[in-house]
Amino acid sequence: MPRRGRPRDASKDEAILVAAGELFMERGFEAASLDAVAQAASVSKATIYSRFADKETLFRAVLDHECNSVLLPASFVPPPGASVRETLILIAEQFLGLVLGDHAMAMHRIIVAECCRAPRVAELFFETAVLSTKTRLADWMRQQNAAGRLAVRDPDGAAWRFLGAVKVEAYLRASMGLPAIEPERLRAHVEACADEFCRAHAPD
């Protein structure tokens, strides 16, 4: 029987992703080298290449790591007894935690600064951090349609509209450095978005 290699060290994966995320935000995608990531993570460059084919793959993994640490895939699986409204509120709150966080704002600045000379960076951010969230939400809506809990004719479009409605003022304030919305008002806004969605897509 073939011998198995050593189990992959998850702590090294975490160290690489954390170090890479900090360097990408500090220096930008182009200026952050894999040599610098290896040094910051206390691993060899060969260790990085054994896990990530290139810097683009590492950048995508950093985005996945950041998204999944805030917006959990489990959010799209309602706990037993949870209503559609409760699940929408949970998804909305976690989504705001993702897009309004310090890392998200720093990453947004990187994308804006580098989109002209490195358009692939913007594409990766959109595909990984934005499109994947929309797709998971749309898939959840399709599941609710099949269960008879919702009647959403266009899940992809409805997912875009819901996420856009949830974040618009809070995100604009954060991106411009303006004072954040008061927590009570933000919570009321999220609940109103969920209520409006439930009314618009109630089963016949």
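For the structure, see preceding data.
A few points on the structure. This is a predicted model, so every value here is computed, not measured.

### Some remarks on the overall build of the protein
(1) Moving on: Counting its regular elements, the protein contains nine helices and zero strands.
(2) Moving on: In terms of principal-axis extent, the alpha carbons of the protein reach across some 60 × 55 × 30 Å.
(3) Moving on: Within the protein, the proportion of its 204 residues that are buried is 40%.
(4) Moving on: Within the protein, contacts between residues separated by at least 24 positions form 70% of all contacts whose residues are at least 6 apart in sequence.
(5) Moving on: When the accessible surface of the protein is split by element, carbon and sulfur atoms take 56% of a total near 11,400 Å².
(6) Moving on: Charge separation in the protein, taken as the distance between the mean sites of 25 positive and 27 negative side-chain charges, equals 5 Å.

### Focus: unusual backbone geometry
(1) Moving on: With a phi angle near 60°, Ser42 is a residue other than glycine that sits in the positive phi range.
(2) Moving on: Structurally, Ser42 is set in the loop between helix H2 (34-41) and helix H3 (45-51).

### Examining the nonpolar core
(1) Moving on: Residues Leu88, Leu137, Met141, Phe162 and Phe197 are the most contacted members of the largest nonpolar core, which totals 32 residues.
(2) Moving on: Those elements that provide at least two residues to this core are helix H5 (84-100), helix H7 (119-146), helix H8 (155-175) and helix H9 (183-200).
(3) Moving on: Per-element accounting of this core gives the leading share, nine residues, to H5.
(4) Moving on: Apart from residues no more than four positions distant in its own chain, Leu88 is found in contact with Trp140, Phe162, Ala194, Phe197 and Cys198.
(5) Moving on: Membership of the second largest hydrophobic core comes to 29 residues, among which are Phe24, Ala32, Leu34 and Ala106.

### Considering H8
Spacing of three or four residues puts side chains on the same side of an α-helix, whose turn is 3.6 residues.
(1) Moving on: With 21 residues, H8 extends 28 Å between its outermost C-alpha atoms, agreeing within 8% with the 30 Å of an ideal straight helix rising 1.5 Å per residue.
(2) Moving on: Along H8, the largest kink reaches about 50° and is centred on Val168.
(3) Moving on: Tucked into the core, H8 has its buried residues touching H5, helix H6 (102-114), H7 and H9.

### So, the packing of H5 against H6
(1) Moving on: Contact geometry for H5 and H6: axes closest at 5 Å, N-to-C directions at 50°. Relative to H6, the element H5 lies oblique. Seen from H5, the contacting residues are Leu98, Val99 and Leu100; seen from H6, they are Asp102, Ala104 and Met105.
(2) Moving on: Of the residues belonging to the contact of H5 with H6, the class tally is five nonpolar, no polar and one charged.

Cut-offs and rules
- The numbers attached to residues start from 1 for each chain and follow its sequence in the written order.
- Given that the model is predicted, a residue must reach a pLDDT of at least 70 before its local features are reported, and side-chain atom pairs must reach 80 or more before they are shown or counted; all residues, however, enter totals for whole chains, interfaces and linings.
- Processing note: side-chain calculations cover all non-hydrogen atoms of the structure and skip hydrogens and water entirely.
- Think of it this way: any DSSP run of H or I at least four residues long counts as a helix, any run of E at least two long counts as a strand, and we number them from the N terminus.
- Each residue's exposure class comes from its accessible area (1.4 Å probe, protein chains only) as a fraction of the maximum for that residue type: buried when under 20%, exposed when over 50%, partly exposed otherwise.
- Pairs of residues are marked as contacts when any of their non-hydrogen atoms sit within 4.5 Å.
- For accessible areas, the Shrake-Rupley method is used with a probe of radius 1.4 Å. Any residue's cover is judged against the shown protein chains and nothing else.
- We treat Lys and Arg as the positive residues and Asp and Glu as the negative residues; His and chain ends play no part in the count.
- Charge positions come from single atoms, namely NZ of Lys, CZ of Arg, CG of Asp or CD of Glu.
- Each nonpolar core is a collection of buried residues, namely Ala, Val, Leu, Ile, Met, Phe, Trp, Tyr and Cys, held together in the definition by side-chain atoms within 4.5 Å.
- Expected span of a helix, by definition, is 1.5 Å for each gap between consecutive residues, and there is one gap fewer than residues.
- Throughout, bend refers to the angle between the axes fitted to the seven residues that end at a position and the seven residues that start at it.
- The convention used is that axes are lines fitted to C-alpha atoms, helices contributing only their stretch in contact, and that angles between N-to-C directions extend from 0 to 180 degrees.
- Angles are sorted into four bins: roughly parallel if under 35 degrees, roughly antiparallel if over 145, roughly perpendicular if 65 to 115, and oblique for all others.
- Throughout this entry, Asp, Glu, Lys and Arg are counted as charged residues, while Ala, Val, Leu, Ile, Met, Phe, Trp, Tyr, Cys and Pro are counted as nonpolar. The remaining residues, Gly among them, count as polar.

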